[in-house]
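Now for the letters of each chain:
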Amino acid sequence: MATETPKIKLYTNHLCPWAHRAHIALAELGVPFEEEIIDLSVPRTPEYLKVNPRGLVPSLAYGDEIITESAVVSNFLADAFPSHLVPASTDPNGPLVRARIAFFADTFVSKVGGHFQKANFGKTEEDRAEAVENLVAAAAKELEPLLADAAPFFGGSDKLTLAEVLTGSFVIRIYTASKHGILPKSLASDLAAKAPNFDKWAQAVIKDPSVLSIWDEDNVVQRTKERNAKVRAQV
C-alpha cells in the first residue's frame, strides 16, 4: 500500500530570491502545496516564530517537520520527489552528477552572487561599476567552462536540473536589472560577448515556465529601485 505524501506548506515571499528557489523546485516537480506569504518588511509574527523560531524565509512544513534554508528546502524536495532534477545517490552516476551540480551552484553563489549584490547596493558609483566588471569576469572565468555542454540546461539536459533551481532566481534578476537600467544595460551584452556559454544557458533559464512561476518583474524592479535609492541616500 502506497504511503500518503505528507501535507506541504511553504512559508514564502514572492519577492525573495531565496524563496523563489523553492517555488522553482515545486513548479518543476508539479507538487501540490499550500503557501503562506510572510511580510519581510515587518518583524515576524509570534505565530510564525512558533513554527520557525529563527524566522527564516523560506520554510517548508512537510507534515509535522519544518525544513529551513532555501538550498536545504530545494534539495529536500528534489530527494523527496525523485525526478529529472537530480539523480538518486544510488544511481551509478548519481554521486558524480550531484557533486557537479553542488559545485556549480556553490560557485555561482560564492563567485558571482556577491558581485551582483554589490553592483546593486554598493555605496558609491565606483564600487558598483567595479562590481559589474567583476561579475562579468567571474561568470567568464568560473562558470563559462562548467557550461560548455549545457544544451540548454546544466549537463546538456532539455529540462531544468537542481542547478537551475538553485541559481535561476538570481540569473533572472541579473538580466532584469540590466534590462531596466538598474545595472548598466551593457551588462547583458558583455555577458554574451565574454561568457557566451553562460549567456546561452542563462537565456534559456530566464524563459523557463518554472522560473517564471511566481515572477513579478514590475514589482521586483520597483522594490529594487526603492531599496537602491535608500542605500544611496545614506552615503
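Residues numbered from 1 in each chain as written. Predicted model: local features only at pLDDT ≥ 70, side-chain atom pairs only at ≥ 80, totals over all residues. Heavy atoms only, no water.

**Considering the environment of alanine 80**
Following the sequence through the fold, alanine 80 ends up in helix 3 (residues 70-80). Residues alanine 80 and threonine 5, 75 residues apart in the sequence, show an inter-C-alpha distance of 9.4 Å. (Helix = DSSP H or I, 4+ residues; strand = E, 2+ residues; numbered from the N terminus.)

**Digging into the domain arrangement of the protein**
When cut into domains, the protein gives domain 1 (8-80) and domain 2 (93-233). Of note, the centres of domain 1 and domain 2, computed from C-alpha atoms alone, are 22 Å apart. Taken together, the contact between domain 1 and domain 2 spans 17 residues of the former and 22 residues of the latter. Interface area for domain 1 against domain 2, summed over the two sides, is near 1,700 Å², with a carbon-plus-sulfur share of 65%. Counting the surface domain 1 buries against domain 2, the share from its top three residues, Leu15, His20 and Ile24, is 37%. Linking domain 1 to domain 2 there are one salt bridge. Salt-bridge contacts for arginine 98 lead to aspartate 79; the nearest nitrogen and oxygen are separated by 2.9 Å. Counting every contact that joins domain 1 to domain 2 gives seven residue pairs in polar contact (both at pLDDT 80 or more). (Domains from an automatic or database assignment. Contact = heavy atoms within 4.5 Å. Buried area = accessible area lost by both parts, 1.4 Å probe. Salt bridge = Lys/Arg side-chain N within 4 Å of Asp/Glu carboxyl O. Polar contact = N/O pair within 3.5 Å; in protein donor to acceptor, adjacent residues only side chain to side chain.)

**Examining the packing of aromatic side chains**
In this description, a pair of aromatic rings is defined by centroid distance and the angle of the planes. The full count for this structure, using the stated rule, is six aromatic pairs. An angle of 45° between the planes, with centres 5.2 Å apart, marks the rings of tyrosine 11 and tyrosine 48 as tilted. One end of the pair, tyrosine 11, is in strand 1 (residues 8-12); the other, tyrosine 48, is in helix 2 (residues 46-51), with 37 residues separating them in the sequence. One exposure class covers both tyrosine 11 and tyrosine 48, and it is buried. Judged by centre distance (5.3 Å) and plane angle (80°), the rings of phenylalanine 104 and tryptophan 201 are edge-to-face. Here tryptophan 201 lies in helix 8 (residues 196-205) and phenylalanine 104 lies in helix 4 (residues 94-121), a separation of 97 residues in the sequence. (Phe/Tyr/Trp six-rings, centres within 6.5 Å; stacked < 30°, edge-to-face > 60°. Buried < 20%, exposed > 50% of the residue type's maximum accessible area, 1.4 Å probe, protein only.)

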